[in-house]
Amino acid sequence: MSLSRREFLGAGTAAVAGTALAPGVRLIELAAARRPEDAVTAKQRWGLLIDTGKCSEGCTACVEACHEENGVTDHGKPLTDAQWIRKVEARDPQTGYAHSLPVMCLHCETPPCVDVCPTGASFRRVDGIVLVDKHICIGCRYCMMACPYKARSFIHENITDQKPDAPRGKGTVESCTLCVHKVDRGDGTTACAEACKEDGHQAIVFGDLNDSQSEIARRLKSESSVQLRADLNLNTGVRYQGL
Amino acid sequence: MTKIHYSTIDGRGLGFLALLGLFGAMILGGLGASYYMEHNGHIVTGMTNQIVWGTPHVFAVFLIVAASGALNVASIASVFGRAMYKPLGRLSGLLALTLLAGGLAVLVLDLGRPDRLIVAMTYYNFKSIFAWNIFLYVGFFGVVIVYLWFMMEHRFNRFSKQIGLFAFVWRLVLTTGTGSIFGFLVARHAYDAAIMAPMFIIMSFAFGLAIYLLVLMAAYRWTGRPLGDAVVTRLKNLLGVFVAAVLYFVMVYHLTNLYATQHHGIERFILLDGGVYTQVFWIGQILIGGIVPLLIFFTPLFGRSRFMTAVGASLVVAGGLAQVYTIIIAGQVFPMDLLPGMQVSSSFSDGQFAQYTPSLPELVLGVSGIGIALALTTFALKALPFLPDSLSDDLVDPHAASRAKAETAVEAEAAGA
């Protein structure tokens, strides 16, 4: 068989490309097995479903559990203390109907904080979790200006007793990590969802929005839910019922 | 036109040293304030998780906006070919550089981690207008330095139109970028408006020219160089036009917001019952920064008074700071709509008007930006020939001078008759 120069070049290019791409293809296959050491993939989209009908006013179990899990300390200064999750009391001024809901980072698909971050410290993992890389955050706080949910806190003073899983530092910005360390460990839940369940409310469900068999995906498909500030079209990973 | 001769300022007198000492003290104060803030954390400032940008940002944004505007005087000569502005170009380029340096220094020294400046210069997210601004600001230094070089080096004078046009376009893009920092914030009622970019451009025209006029008048007075009415009157009238244009843009911004019911809350807050913020808007921004300067500039009574011109330009600066304060601080004080149509409350100040009191370290840091800009300017004037020896009427605008002479003659004749 004789090859023309053109054919030889074509075949050669294909062979080189195949050699280069094959390990990558294999990696993706491995990741699909979802072993803990495997890379994060877009096959998952982690999120929460919060049923405000089950959330009781005055209960702050989720807040306490989150702050305990992540070592978010309270200096008794509500204006400057970090709050990764907070309880919001909402009341309709027309009807008087009131309810209570936890608000945290809503892990948007197109997060405004990630858009505006000059260094890329604010980033979104392909599995939908929005995080801050504390090593390249310069503390400009533009993300805090941009977040429609006020989900982010700036560390205003020295902090001690940090948790190994949740590094924090003065002069940088932080927010709910969707308990990324628990997710990566395969716990299948977050501190807030766990605490709410233990308290008997079960108002917070954690899960994979992309897994049609998961409780969260099934309920989102069969029951009505909303996004906060849906008008901004951010496709939040945290959804609410009963608003 | 007669050939213009430029020279450095003498800079050996007590006044010069006193001036540098004053600016030096402002800079040292700023560095101290910055160290204090970084060492203790921003807890020692008035800034909180609700008011995340405070007084340093007001000064920084003001200076950055003014920097691009200060370059206009040079642009008018190079780009629009107005001969009278040509001798004014060098100082214009210099102020553009020094004001930007002052503003950026404040911005950087306020960062949570100023030690990571190198990170900001090496990691870029190109969807961020902040990242773009880093390029626009650094590029501005480069472009204006080349522009100055071409203005000062006779061999390159003939290219000053091209580089001047390039610098002019660059500064328009730069101020668009600064305005877009706010224009691109979708979530907040006071921002998220395309008009922010052009409004910032016209603000820069006014703030930059006001500072230019003040520095020009001070430099000529303190060095005993002649400065004729032709230059001052022309710049003063131009400043008046810019101030009126700022008022127009502010009016359009608020009228647009007033038309949409969803923005009535923020408009009510700024225009009617926002307490100190309403006062800063009406008294600071509109009255002191707009109406009073217009009256001063265009009332025949004050027409030729240098003192009143300086007062007017100073008021434009003060009103400019009030305007940026209104945009940055009042824009954050007004709560965001977490659940539109609902009343909300929480431990994180949801649904509440945020509290903010500027702290001393913030103020000292902010003012140090002005110190940096003026110290650099003063030093540069001594180091290189930025200022023409004379800006007297017969030198810069012989026609105006002869017109004035003729007018005086006619008046004298009339008086005699």
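The structure presented is a predicted model; accordingly, all values stated were derived computationally and were not measured.

*Asks:* Would you explain the overall build of chain B in this entry?
*Replies:* Summing up its helical and strand segments, chain B has 15 helices and three strands in all. By the compact-globule yardstick of 22 Å for 417 residues, chain B fits well, its C-alpha radius of gyration being 23 Å. Dimensions along the principal axes, computed over C-alpha positions, put chain B at roughly 75 × 50 × 40 Å. When each of the 417 residues of chain B is scored for burial, the buried share is 50%. Expressed as a percentage of contacts within chain B between residues at least 6 apart in sequence, the contacts between residues at least 24 apart total 78%.

*Asks:* Where do I start with the overall build of chain A in this structure?
*Replies:* Per the secondary structure count, chain A includes seven helices and nine strands. Counting over 243 residues, chain A shows a buried share of 43%.

*Asks:* Could you clarify how one ought to interpret the sheet that holds strand β1 (residues 46–51) of chain A in this entry?
*Replies:* Adjacent strands of a sheet form backbone hydrogen bonds with each other and so pair up, either parallel or antiparallel. Residue and element names in this part refer to chain A. What the three strands build is an open sheet, ordered β8-β1-β9; its pairing is mixed. In this open sheet, the two edge strands, each paired with only one partner strand, are β8 (204–208) and β9 (238–241). This sheet shows a mean twist of 20 degrees between the axes of neighbouring strands, independent of strand direction. Examined bridge by bridge, β1 and β9 share four bridges and lie parallel to one another.

*Asks:* What exactly am I supposed to notice about the nonpolar core here?
*Replies:* The nonpolar side chains of a soluble globular protein tend to be buried with one another. Residue and element names in this part refer to chain B. In terms of nonpolar packing, the biggest core is built from 196 residues, with A206 and L239 touching the most fellow members. Among the elements that make up this core, the one with the highest residue count is helix α8 (residues 196–222) (18 residues). Residue contacts for A206: discarding those within four places in its chain leaves G69, L239, F242, V243, V246, V316 and G320.

*Asks:* Help me out: how do you make sense of the sheet that holds strand β2 (residues 85–91) of chain A in this one?
*Replies:* Ordered by their spatial adjacency, three strands build an open sheet running β3(A)-β2(A)-β2(B), and the pairing between neighbours is antiparallel. The open sheet is flanked by β3 (98–104) of chain A together with β2 (343–346) of chain B, the only strands paired with a single partner. Here the average twist between neighbouring strands, direction ignored, is 30 degrees. As judged from the four bridges shared by β2(A) and β2(B), these two strands associate in the antiparallel manner. The residue of β2(B) that forms the bridge with E89(A) is S345(B). Strands in contact with helix α2 (residues 61–70) of chain A are β2 and β3 of chain A; relative to β2(A), the strand with the most contacts, it is inclined by about 160 degrees.

*Asks:* In this structure, what is going on with the pairing of β1(A)? I would like to understand it.
*Replies:* Working note: regular strand, side chains alternate between the two faces of the sheet. All names here are of chain A. Within β1, six of the six residues are buried, which leaves the element mostly enclosed by the surrounding structure. Judged from the five bridges that link them, β1 and β8 form a sheet pairing that is antiparallel. Along β8, the bridge assignment pairs W46 with D208.

*Asks:* Any chance you could explain the confidence of the model for chain B here in plain terms?
*Replies:* Per-residue confidence for chain B gives a mean pLDDT of 93, with 95% of residues at or over 70. Here the prediction assigns the complex a pTM of 0.90, and the interface score ipTM is 0.90.

*Asks:* Just to check I follow, could you spell out the interface of chain B and chain A for this structure?
*Replies:* Accessible area lost on assembly of the parts is the figure often given for the size of an interface. Counting residues at the interface gives 37 residues for chain B and 46 residues for chain A. Taken together, the elements giving at least two residues each to the side of chain B that touches chain A come down to α5 (117–122), α6 (129–152) and β2 of chain B. A total of four residues in the side of chain B that touches chain A trace back to one element, the largest contributor, which is β2(B). A per-class count over the side of chain B that touches chain A returns 19 nonpolar, 14 polar and four charged.

*Asks:* Whenever I open this one, the environment of I195(B) confuses me. Can you help?
*Replies:* Residue and element names in this part refer to chain B. One can find I195 in the loop between α7 (160–183) and α8. Residue classification places I195 among the partly exposed residues on the basis of 15 C-beta atoms within 10 Å. Expressed as a C-alpha distance, the spacing of I195 and S180, which sit 15 residues apart in the sequence, is 9.1 Å. Setting aside chain neighbours within four positions, we find I195 in contact with F249, V252 and Y253.

*Asks:* Is there a simple way to explain the packing of helix α4 (residues 89–109) of chain B against α8(B) in this structure?
*Replies:* Helix packing geometry: the angle between the two helix axes and the distance between the axes. All names here are of chain B. Between α4 and α8, whose axes approach to 11 Å, the crossing angle comes to 115 degrees. Here the hand of the crossing between α4 and α8 comes out right-handed. Note on element contacts: α8 touches α4 through I211, Y212, V215 and L216, opposite L91, S92, L95 and L99. When grouped by side-chain class, the residues that make up the contact of α4 with α8 number seven nonpolar, one polar and no charged.

*Asks:* Whenever I open this one, the pairing of β2(A) confuses me. Can you help?
*Replies:* Residue and element names in this part refer to chain A. Summarising burial for β2: five of the seven residues are buried, a large majority. Direction of pairing for β2 relative to β3: antiparallel, over a ladder of seven bridges. Bridge pairing in β3 places R91 opposite A98. Taken together, β2 and the strand that follows it, β3, pair antiparallel across an intervening segment of six residues, in which G96 is found at a positive phi of about 85 degrees.

*Asks:* How do you make sense of unusual backbone geometry when you look at a structure like this?
*Replies:* Residues and elements named next belong to chain A. Positive phi, normally seen in glycine, also occurs at C179, with a value near 45 degrees. Positive phi outside glycine occurs at R229, with the angle close to 45 degrees. Looking at where R229 falls in the secondary structure, it is placed in the loop between α7 (215–222) and β9. Accessibility expressed as a C-beta count within 10 Å gives 20 for R229, which makes it buried.

*Asks:* I would appreciate a short explanation of the packing of α2(A) against helix α6 (residues 191–198) of chain A in the present structure.
*Replies:* All names here are of chain A. One can describe the packing of α2 onto α6 by two numbers: an axis separation of 8 Å at closest approach and a directional angle of 135 degrees. Looking at the two axes, α2 sits oblique to α6. In this structure, α2 meets α6 at a crossing whose hand is right-handed. Here α2 contributes A61, C62, A65, C66 and E69 to the contact with α6, which in turn contributes A191, C192, E194, A195 and C196. Taken together, the residues that form the contact of α2 with α6 break down as eight nonpolar, no polar and two charged.

*Asks:* Looking at this structure, I do not really get helix α13 (residues 360–383) of chain B. What am I missing?
*Replies:* At 3.6 residues per turn, the α-helix brings residues three or four places apart onto the same side. With 24 residues, α13(B) should reach 34 Å at 1.5 Å per residue; the first-to-last C-alpha distance of 34 Å fits that figure. In terms of burial, α13(B) is largely enclosed, as 18 of its 24 residues are buried.

*Asks:* How do you make sense of the environment of F205(B) when you look at a structure like this?
*Replies:* Residues and elements named next belong to chain B. Position of F205 relative to the elements: it lies in helix α8. Of the residues examined, F205 has 23 C-beta atoms within 10 Å and is grouped as buried. In this structure the C-alpha to C-alpha distance between F205 and L71, which are 134 residues apart in sequence, comes to 8.8 Å.

Definitions and limits used
Per chain, residue numbering runs from 1 following the sequence as it is written. Chain A is the first chain written and ligand 1 is the first ligand written, with later ones labelled in order. Only residues with pLDDT of 70 or above have their local features reported here, since the model is predicted, and side-chain atom pairs are shown and tallied only from 80 upward, although totals for entire chains, interfaces and linings are computed over all residues. Only DSSP runs of H or I reaching four residues or more are called helices, and only runs of E reaching two or more are called strands; each is numbered from the N terminus. The globule rule used for comparison is 2.2 Å times the number of residues to the exponent 0.38, while the radius of gyration itself is calculated over C-alpha atoms. Counting other C-beta atoms within 10 Å of a residue's own tells you its class, since 20 or more makes it buried, 12 or fewer makes it exposed, and anything in between is partly exposed; those C-beta atoms are placed from the backbone. Throughout, a pair of residues is in contact if the C-beta atoms placed from their backbones lie within 7 Å. Whether two strands pair depends on DSSP finding at least two bridges between them. Structural elements are reduced to axes, namely lines fitted to C-alpha atoms, with helices fitted over the stretch in contact, and the angle between N-to-C directions of any two is expressed from 0 to 180 degrees. Note on terminology: a nonpolar core is a set of buried residues of type Ala, Val, Leu, Ile, Met, Phe, Trp, Tyr or Cys, with members joined through C-beta atoms within 7 Å. Summary of the metric used: pLDDT quantifies the predictor's per-residue confidence within the range 0 to 100. Residues are grouped as follows: Ala, Val, Leu, Ile, Met, Phe, Trp, Tyr, Cys and Pro are nonpolar; Asp, Glu, Lys and Arg are charged; all remaining types, including Gly, are polar. Left-handed describes a crossing whose near helix is turned anticlockwise from the far helix by less than a right angle; the clockwise case is right-handed. Between 65 and 115 degrees an angle is taken as roughly perpendicular, under 35 as roughly parallel, over 145 as roughly antiparallel, and anywhere else as oblique. One less than the number of residues in a helix, times 1.5 Å, gives the span that helix is expected to have.

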